[in-house]
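Architecture and fold: a report
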Amino acid sequence: MLIAKHLGSCRFIYNYALDKKVRAYQTDKTNLSRFDIQADLPNMKKSEEYCWLKEVNSLSLQASLANLDSAYTKFFREHKGFPNFKSKKDSKQSFSIPQNTKVDFENGRVFIPKFKIGIKAKLHRTFEGIVKSSTITRTSTGKYFISILVEVNVSDVPMKPICESKAVGIDLGIKTFAVLSDGTEIPNPKYLKQSLDKVKHLQRSLSHKTKGSKNRDKARRKLALAHERVTNQRKDFSHKVTKYLVSNYDTICLEDLNVKGMVKNHHLAQSISDVSWSMFNTLLEYKAQEQGVNILRIGRFEPSSKFCPCGYINKGLTLAMREWTCPECGTIHYRDLLAAINIKRFAFRNINTVGATEIHACGDMSGVTHSAQEAHKSSVCG
Ligand SMILES: [Zn+2]
């Protein structure tokens, strides 16, 4: 199969280049560039030993060399690990196609260079714009994916006016996926928890199998499938929630969460990866941009669940306290809802002080706060 040939050849060239670079450096401290190695390609294709390289897209081979270059750069500049040789056994295999990918949406086919017929594909969405490059990946469960990078002119989409009545504050949580400042609650889907439990179970079962045995292979495959299922479910859920948000609100206010920093804390780690905040954020950003929806972020150190609109700050608030009563004004606050309301408040306060964006006056803040607290709790995506 030609895809397998591309995967194999790109892997081969990557390893060939890595080996050559390492050896050149060891011999006389020479740093070979990708272009030095690329110069070998024409002769290799003519040789009897490597003539099979002719069958694959030469731009894909060159892209492999570029990947190796960026792995080197990461090693030197960002102190990431030294580039490894790629193996047939790596769970993910991929190659890129720098040019000339075409998509036939009507017939569900993708055309790439060197392939005489279009490859049948399940296309998840349509797009308009200029195709820059694409990547074909084979997962550990033997499924093939193509991701296509498209350049779109987003400046064509006018941004909606920032207006408090059409804005929402979102508090991302652990027990509940998100609480919105208008009282809407978005629970975590139950099926995700079930799938995660299954992953845990399969992980345990794999660790009990003898290394190198057929049963271990089987268990590994099962685990890979379960992982894939969790990822797909998360993606699906994030798509649904972000779609709901950009179609119902013109401005979305969020905390600028440092997800990486929080995952280090082991107690929270599992739950945070469960709710997949970073996936949610990525999808939200791009859907918002497509729809002209504004995203306002506040600093993550604002005390959003401690701050009563009357000005009182509850410094003694702990994570376990789900609700509290303000001793100054007597308001009862539900922790997550108050956080969502304050995120919106702070976001609007920030743009009011900065004055960078024109704001359309639509009612005052305190009115929004009270009606939101009394708002009926409804649920989405349940
Ligand atoms: Zn108060």
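Quick note: structure is the one above.
So, a few notes on the structure that sits alongside this text. (Residues numbered from 1 in each chain as written. Predicted model: local features only at pLDDT ≥ 70, side-chain atom pairs only at ≥ 80, totals over all residues. Heavy atoms only, no water.)

**Examining the overall build of the protein chain**
Per the secondary structure count, the protein chain includes 11 helices and 15 strands. A separation threshold of at least 6 residues defines the contact pool for the protein chain, and within that pool the share at least 24 residues apart is 66%. (Helix = DSSP H or I, 4+ residues; strand = E, 2+ residues; numbered from the N terminus. Contact = heavy atoms within 4.5 Å.)

**Here we look at the coordination of the zinc ion**
For the zinc ion, the full set of protein donor atoms is Cys-308 (SG), Cys-310 (SG), Cys-326 (SG) and Cys-329 (SG), at a range of 2.1 to 2.3 Å. Taken together, the 4 donor atoms surrounding the zinc ion define angles of 106 to 114° at the centre, an arrangement classified as tetrahedral. The exposure class of Cys-310 is partly exposed, given its relative accessible area of 43%. (Donors = N, O, S within 2.8 Å, 3.2 Å for Na, K, Ca; no water. Tetrahedral: all angles 85-135°; square planar, octahedral: opposite > 155°, others 65-115°. Buried < 20%, exposed > 50% of the residue type's maximum accessible area, 1.4 Å probe, protein only.)

**Quick look at the pattern of salt bridges**
As enumerated under the stated definition, the model contains 11 salt bridges in all. Here Asp-69 makes a salt bridge to Lys-21, at a shortest N to O gap of 3.5 Å. Of the two residues, Asp-69 sits in helix 4 (residues 58-77) while Lys-21 sits in helix 1 (residues 2-28), which places them 48 residues apart along the sequence. The exposure class of Asp-69 is partly exposed, given its relative accessible area of 23%. In this structure, Lys-160 engages Asp-250 in a salt bridge whose closest nitrogen and oxygen atoms are separated by 3.9 Å. Placement of Lys-160 in the loop between strand 6 (144-151) and strand 7 (162-163) and of Asp-250 in the loop between helix 6 (214-248) and strand 11 (251-255) is noted, with a sequence separation of 90 residues between them. (Salt bridge = Lys/Arg side-chain N within 4 Å of Asp/Glu carboxyl O.)

**With respect to the sheet that holds strand 2 (residues 102-104)**
Read from one edge to the other, the open sheet built from 3 strands follows the order 2-3-4, with strand pairing classed as antiparallel. Edge positions in the sheet fall to strand 2 and strand 4 (119-120), since each has one partner strand and no second. (Pairing = 2+ DSSP bridges.)

**Here we look at the nonpolar core**
Nonpolar side chains tend to gather and get buried jointly when the protein is soluble and globular. Within the largest apolar cluster, 26 residues are counted, with the highest numbers of intra-cluster contacts made by Ile-13, Leu-53, Leu-61 and Phe-95. Top contributing element to this core by residue count: helix 1, with 8 residues. Those residues in contact with Leu-53 that lie beyond four places of it in its chain are Ser-9, Phe-12, Ile-13, Leu-41, Met-44, Lys-45 and Leu-61. Core analysis: the second largest hydrophobic core is formed by 19 residues, Phe-177, Val-246, Ile-252 and Phe-280 among them. (Core = buried A, V, L, I, M, F, W, Y, C linked by side-chain atoms within 4.5 Å.)

**Overview of unusual backbone geometry**
You will see that Lys-29, though not glycine, has its phi angle at about 60°, which is positive. With respect to the secondary-structure elements, Lys-29 resides in the loop between helix 1 and helix 2 (34-38). By relative accessible area, Lys-29 is classed as exposed at 58%. Backbone geometry at Asn-100 places phi at a positive 65°, although glycine is not the residue there.

**With respect to the sheet that holds strand 6**
Spatially, the 3 strands line up as an open sheet ordered 1-5-6, and their pairing is antiparallel. With one partner strand each, in any of the chains shown, strand 1 (93-97) and strand 6 form the two edges of the open sheet. Averaged over neighbouring strand pairs, the angle between their axes works out to 20° when direction is ignored. In this sheet, strand 6 lies alongside strand 5 (residues 130-138) in antiparallel orientation, the contact comprising 8 bridges. Within strand 6, the position partnered with Ile-136 by the bridge is Ile-146. Packing against the sheet, helix 1 makes contact with strand 1, strand 5 and strand 6, and its axis sits at approximately 95° to strand 1. (Axes fitted to C-alpha atoms, helices over the stretch in contact; angles between N-to-C directions.)

**Describing the pairing of strand 8 (residues 167-172)**
Here is the key point about a regular strand: its side chains alternate between the two faces of the sheet. Of all 6 residues in strand 8, 6 are buried, a share of seventy percent or more. Neither face of strand 8 is open: one carries Ala-167, Gly-169 and Asp-171, the other Val-168, Ile-170 and Leu-172, and all of them are buried. Sheet topology places strand 8 next to strand 11; 3 bridges connect them, and they run parallel. Bridge pairing links Ala-167 to Thr-251 in strand 11. Judged from the 3 bridges that link them, strand 8 and strand 9 (residues 176-180) form a sheet pairing that is antiparallel. For Asp-171, the partnering residue across the bridge sits in strand 9 and is Val-179. Between strand 8 and strand 9, which pair antiparallel in sequence order, lie 3 residues.

So yeah, pure geometry; function would need other evidence.
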